Amino acid sequence: MSFLKCDITGFNVDKRVLPLIKANAVVSVVSLLLAILTAILVLFTRWQVVHLLPVDWYYRILTLHGLVALVVWIVFWEMAGLYFGSTVVLNARQIAPGLGWIAFLLMVVGTALVAFAVLTGRADVLFTSYVPLKANPIHYLGIILFAVGALIVCGLFLANIIVAKKEKTYGGGPLPLFTFGLLTATILAIGTLLSGAAIYVPVFLWSLGLIQSVDSIVYRLVFWGFGHSAQQVNVAAMISIWYLGAFLTVGGTSINERISRMAFLFYMIGINLASAHHLLVDPIPSPAWKIVNTSYFMYLAVLASMIHAFAVPSAIEVAQRRRGYTKGLFDWLKNCPWGNPAFVSVFLAVVTFGFIGGITGVINGMEQTNMIVHNTLALPGHFKGTVVSGTTLTFMGATYYLIPLIFRKKISFFGAAKAAPWLFAIGIVLLSAGLSTLGYLGVPRRHWDITYAGGPFTYTYPPIADLLWVVAVLGGTIAFIGALIWILVVVISVFFGKPMTGPADFQLPLASPLPPESKEHDSKFVAPGTFALTIIWMLAFLIFATISWGWLSMMWEVK
């Protein structure tokens, strides 16, 4: 076993972990390409003006898009992140690299089987694959293999940090906040994958004809222990990168690291229970169970996200103010490194996740207001603010650091690299706004033909819906272009870019050490700009919540 000394970060890097990080990262980028291609096909089919795909291929492509965008692209990237966070950041060795390659092979084979089953018409069951819909056994086998591979990597992550702790490779103190956040994501992932196994194994046996039936209510209950919780794994990983990004770009650290760690623990306590909001129309769970899980338990997860949403920008603000940017509320923000695409990606992810994903998530997650948007396009609109503008944009920004640090290549077409996050974020904001508002008008979430042409009844939407479709399609197209630019930059940089010859070639300079704290630091509020942004967010939330409860009151006669 041998280590490399990184000439940029100073970390000791186990040579054996580098190929694992690279392999998982490359497959994730390829998966993102497939995700955005299927996304644009779905979008131009839902838009009745174009109605691109026939009905069978629409559901086929929608199934593939859901699986690739929500699972494959993100999980492969997270596997690379788990290797990085448990070895490179800790100066630690990779435990059982051969087992890591077995896990990678299982995930690749599983992905290939799922794609084959879907594209050949053997699994037109959508992401949820609700029973009694039945896919070919190949489909379920692929999902199981993928999950087993991911579970192995989670085990390797835990083994790596245990050995690093024992060998005191990072000083022997608490885990760095970045790795601690990844630990939270890993624990959530293990529970998520076990939930998936608990339901996909019986369904696989059912598809083989070895058991007669699977109860549809039980399937939905257990499935959402996998389907919803998987996205919370993404949230924990995303926020971990926010903290790392703040530190790398401006030297920012949480103003209260204990509270930040506690917020990660809140995720483990409450965030999976909030999966109940997918079951609000099911007859089996009791009203009391639904109310408790979609209010009191969910609020623990909401509180955690609010803590992180304050901690990350305040870390940036405090660091900037210590560097002398102290004029008014937002001088620190004005002088942030806006030429660094990694910083831009993280900051835009924080803002869009908070104002779109966070606000709509609370409204969609409550039992009462969920009824307004249940199974409408408002749900995909919410996804665009969480797993897309939040997680995907964050991972895209972090990849800019992986290219020089792991692949040892310069970032090609740096101007295009800087433009990609802006295009992607602007496009997703428009797409999310269009889809969400269409959902509030009652446009269904999955139906191929929203006019129900040829059916026993038809429905005409208000004229404003036509404008909103244009907004959504315009936003989706801009986001597609932004993502495609990012993919091209990454692929060209990794496979054809100029090799890094030393720190002088590093285009995303690491933040210099912060100046000493001033004597006034303990006697004044250290993040007034972030506090002002928080007030703006709370006002936006109150306005949106008030409107939602107003719409809810119109659903029945009130005397």
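What you see is a predicted model, and the numbers here were worked out from it, not measured in a lab.

The rules we used
- Residues numbered from 1 in each chain as written.
- Predicted model: local features only at pLDDT ≥ 70, side-chain atom pairs only at ≥ 80, totals over all residues.
- Heavy atoms only, no water.
- Salt bridge = Lys/Arg side-chain N within 4 Å of Asp/Glu carboxyl O.
- Helix = DSSP H or I, 4+ residues; strand = E, 2+ residues; numbered from the N terminus.
- Buried < 20%, exposed > 50% of the residue type's maximum accessible area, 1.4 Å probe, protein only.
- Domains from an automatic or database assignment.
- Contact = heavy atoms within 4.5 Å.
- Buried area = accessible area lost by both parts, 1.4 Å probe.
- Axes fitted to C-alpha atoms, helices over the stretch in contact; angles between N-to-C directions.
- Parallel < 35°, antiparallel > 145°, perpendicular 65-115°, else oblique.
- Left-handed = near helix turned anticlockwise from the far one by under 90°.
- Nonpolar A, V, L, I, M, F, W, Y, C, P; charged D, E, K, R; others polar.

Here we come to the pattern of salt bridges. The full count for this structure, using the stated rule, is 7 salt bridges. One salt bridge in this structure joins R220 and D282, with 2.8 Å as the shortest N-O distance. One end of the pair, R220, is in helix α6 (residues 216-227); the other, D282, is in the loop between α8 (257-271) and α9 (287-293), and 62 residues separate them in sequence. The partner of E257 in a salt bridge is R261, and the shortest N-O contact between them spans 2.7 Å. Here the residue E257 and the residue R261 both occupy positions in helix α8, the gap between them amounting to 4 residues, near one helical turn. Taking the relative accessible area as the measure of exposure, R261 reaches 14% and is therefore buried.

Right, let's talk about the domain arrangement of the protein chain for a bit. Entries for the protein chain in the domain assignment read domain 1 (19-250) and domain 2 (341-511). Once you take the C-alpha centre of each, domain 1 and domain 2 turn out to be 19 Å apart. In this complex, domain 1 contributes 42 residues to the contact, which on the side of domain 2 involves 45 residues. In total, about 4,000 Å² of surface goes out of reach between domain 1 and domain 2, with carbon and sulfur atoms giving 79% of it. It is R46, W77 and W242 that lose the most area in domain 1 upon contact with domain 2, and together they represent 17% of the buried surface on that side.

Two numbers describe how helix α2 (residues 55-88) lies on helix α5 (residues 177-207): the axes approach to 10 Å, and their chain directions differ by 135°. Considering their axes alone, α2 and α5 lie oblique with respect to each other. Of the two elements, α2 crosses α5, and the hand of that crossing is left-handed. Contacts between α2 and α5 pair G81, L82, F84 and G85 from the former with F178, T179, L182 and T186 from the latter. Considering only residue class, the contact of α2 with α5 consists of 4 nonpolar, 4 polar and no charged.

Next up on the list: unusual backbone geometry. The amide bond that connects V131 to the next residue, P132, takes the cis arrangement and shows omega of 20°. Structurally, the position occupied by P132 is in the loop between α3 (97-119) and α4 (137-167). Even without being a glycine, N91 presents a positive backbone phi close to 55°. Mapped onto the secondary structure, N91 falls in the loop between α2 and α3. Despite not being glycine, R408 shows a phi value in the positive range, around 60°. As for its placement among the helices and strands, R408 is situated in the loop between α14 (378-405) and α15 (414-440). Judged by relative accessible area, R408 falls into the partly exposed class, the value being 26%.

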